[in-house]
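Given next are the chains, with one letter for each unit.
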Amino acid sequence: MKNLLVKTVLSLSAIFLSLTLLAQEYTFKKVREIRVESLAEVGIRDYDPKRDLFVGFIDKRSDGIELAVFDANGKILASQKREGEGPEDYQSSALAMGFSPEGDVFVQTSLELVKYDTQFKRISKVKFEPKTTVVVYSGPRSKFVPLTRGNDVSFIVNGSNLNSRGFNDTPKKMDMIDYYDAGSQIIKSVIPLSSRKVFEGIEDEVFPVNINPIFSIDSRNSNLYFTTSIDNEITVYNPINWNVIQRIPVKHEFFKALDDIPLREANLGPMDKPPLFSRNQEILKFDSDLLGLIYVKEISEAANELRKTNGETFWMFDPEFQRIILFKNGVQLPGELAIPSGLIQMTLPNNRVLVKVVNEEEELDYYPFEIWELVEKQAAPKSVKLSTD
């Protein structure tokens, strides 16, 4: 069955994008397209610049998840189903994956970390006892985040933007990061939710919605950039001792839930209906002094019902609702960015991002991605008055 995607880049989106970027010092410029020759859904989770390879998965639904390696143009170089009970397999749904420094592939579940070569032959496996088990019904949701290098790797166990916390629990009892400590070979927990400024004053109150950890690591110095799905700060940690290195304030254009601090249940909308409030989604660590935060802006109940009536894309997966805040040297830049053609999947070298295309209107026999580059906007040339003498 062909992959049905909707191809619509509306003039309204272009207008929205141009208005959004007026106050920005940077803009996104499309560099090129990537076509993965697959009719099934494709996810890409990491990139190896030395070999110009991507790693990710192909979701073949009832036939299972295949781990896959792709070349720079999207050609599938290797793919293999590896969830199962065999000696080469992992035994729980994969939460994260990525390349090792040596070019092998890490696949991490709630129970184990498996290292494969690029043909998905098992090299090693580390098993651990989790504090909570997370199940996802697709391929790995995020890039694997190692905290140390070498043969014995410490790593974060719970995936970025995955809920693994207790529901209806108090912030004081909820640690946001679980990590495997290679030295002691046990799971440790850090960053209590009560330490976040938006929860100060309500540490002992039961909070009625899920709060997800969101994080990314700086590959140059291994510093961890952390926030939560409802938060107005990005905190930079040293993951060796978990000391705070820097606090970066965040000001969203559309985030009513953060209008009152500490958080108020009334700002989140009705608890007996699907949540429609804004949420942080991903931290983008570029290979320069730039940092990005993706969030999904809120939608009204009436607008959401109209979208459902019209058969439109679920609002959280619509590029129109995805906003990108930029920071330079820890200071937020004015304005917010958007990419009208799709959703950002990950950062790439040279201040680029990989975008998964959505809203395509024709039947395709490939799965489309795009690469966009973050570039400085050119200053408008000054007008010069010429003398007529």
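Note that the structure is a prediction, hence the values are computed from the model and not measured.

Some points on the overall build of the chain
Along the chain, the regular secondary structure elements total 2 helices and 26 strands. A burial count over the chain gives 54% of its 389 residues as buried. Counting only contacts in the chain whose residues sit at least 6 apart along the sequence, the fraction spanning at least 24 positions is 54%. Put simply, the chain shows about 18900 Å² of open surface, and 49% of that area lies on carbon and sulfur atoms.

Some points on the environment of N241
Relative to the helices and strands, N241 resides in the loop between β17 (233-238) and β18 (243-249). Engagement of the side chain of N241 in a polar contact is seen with the backbone nitrogen of N243, the distance being 3.0 Å.

A word on the packing of aromatic side chains
What the rule picks out here adds up to 15 aromatic pairs. Each ring, one from F128 and one from Y180, has its centre 5.8 Å from the other, and the planes form 40°; the classification is tilted. Within this pair, whereas F128 is found in the loop between β10 (122-127) and β11 (142-143), its partner Y180 is found in strand β13 (residues 175-181), the two being separated by 52 residues in sequence. With respect to class, F128 is no different from Y180; both count as buried. Aromatic pair W315 and F321: ring centres 6.0 Å apart, planes at 75°, arrangement edge-to-face.

Considering the nonpolar core
By size, the foremost hydrophobic cluster in this structure holds 41 residues, and its most contacted members are I230, I234 and W242. Every element with two or more residues in this core is listed here: β13, β14 (186-192), β15 (213-217), β16 (224-228), β17, β20 (290-296) and β21 (322-328). W242 has contacts with L147, I177, Y179, V190, I191, L224 and Y237, leaving out every residue within four places of it along the chain.

Topic: the sheet that holds strand β3 (residues 41-48)
With antiparallel pairing, 4 strands are arranged side by side in an open sheet as β3-β4-β5-β6. The open sheet is flanked by β3 and β6 (76-81), the only strands paired with a single partner. Pairs of neighbouring strands in the sheet enclose a mean axial angle of 20°, with direction left out of account. When strand β5 (residues 65-71) meets β6, the two strands line up antiparallel, connected through 5 bridges. The partner of L67 across the bridge, within β6, is Q80.

Regarding the sheet that holds strand β2 (residues 26-36)
With antiparallel pairing, 4 strands are arranged side by side in an open sheet as β2-β26-β24-β23. Each of the sheet's edge strands pairs with one partner strand only, and the pair in question is β2 and β23 (342-348). With direction set aside, neighbouring strand axes in the sheet form an average angle of 30°. Sheet analysis places β23 next to strand β24 (residues 352-357), joined by 6 bridges and oriented antiparallel. Across the sheet, I344 pairs through a bridge with V355, a residue of β24.

Here we look at unusual backbone geometry
Residue P262 follows I261 across a cis peptide bond; omega there is 5°. In this structure, P262 sits in the loop between β18 and β19 (279-285). In the Ramachandran plot, R61 falls in the positive-phi region, its phi being about 55° despite a non-glycine side chain. With a phi angle near 65°, F120 is a residue other than glycine that sits in the positive phi range. Among the secondary structure elements, F120 is positioned in the loop between β9 (112-116) and β10. Residue classification places F120 among the buried residues on the basis of a relative accessible area of 0%.

What about the pairing of strand β7 (residues 96-99)?
Of the two faces of β7, the one holding A96 and G98 and the one holding M97 and F99 are both buried throughout. Bridge count between β7 and strand β8 (residues 105-108): 4 bridges; the pairing is antiparallel. When the sheet's bridge partners are listed, M97 is paired in β8 with V107. Where β7 hands over to β8, the hairpin turn is made up of 5 residues, of which G103 adopts a positive phi near 95°.

Examining the pattern of salt bridges
The tally for this structure, following the rule as stated, stands at 23 salt bridges. Residues E305 and K308 are paired through a salt bridge, measuring 3.0 Å at the closest nitrogen-oxygen approach. Residue E305 and its partner K308 are both found in helix α2 (residues 301-309); the two are separated by 3 residues, about one turn of the helix. Here E305 falls in the partly exposed class, since its relative accessible area comes to 39%.

Considering the confidence of the model for the chain
One rule of thumb: low pLDDT means the predicted coordinates there are not for detailed reading. Residues at a pLDDT of 70 or more form 89% of the chain, whose mean pLDDT is 88. Mean pLDDT in the chain bottoms out at helix α1 (residues 11-21), which sits at 41, and peaks at β17, which reaches 98. Between residues 1-23, whose pLDDT stays under 50, and residues either more than four places distant or in other chains, the model counts 45 contacts.

Conventions used here
Residues numbered from 1 in each chain as written. Predicted model: local features only at pLDDT ≥ 70, side-chain atom pairs only at ≥ 80, totals over all residues. Heavy atoms only, no water. Helix = DSSP H or I, 4+ residues; strand = E, 2+ residues; numbered from the N terminus. Buried < 20%, exposed > 50% of the residue type's maximum accessible area, 1.4 Å probe, protein only. Contact = heavy atoms within 4.5 Å. Areas by Shrake-Rupley, 256 points an atom, 1.4 Å probe, with all protein chains shown as cover. Polar contact = N/O pair within 3.5 Å; in protein donor to acceptor, adjacent residues only side chain to side chain. Phe/Tyr/Trp six-rings, centres within 6.5 Å; stacked < 30°, edge-to-face > 60°. Core = buried A, V, L, I, M, F, W, Y, C linked by side-chain atoms within 4.5 Å. Pairing = 2+ DSSP bridges. Axes fitted to C-alpha atoms, helices over the stretch in contact; angles between N-to-C directions. Salt bridge = Lys/Arg side-chain N within 4 Å of Asp/Glu carboxyl O. pLDDT = per-residue confidence, 0-100.

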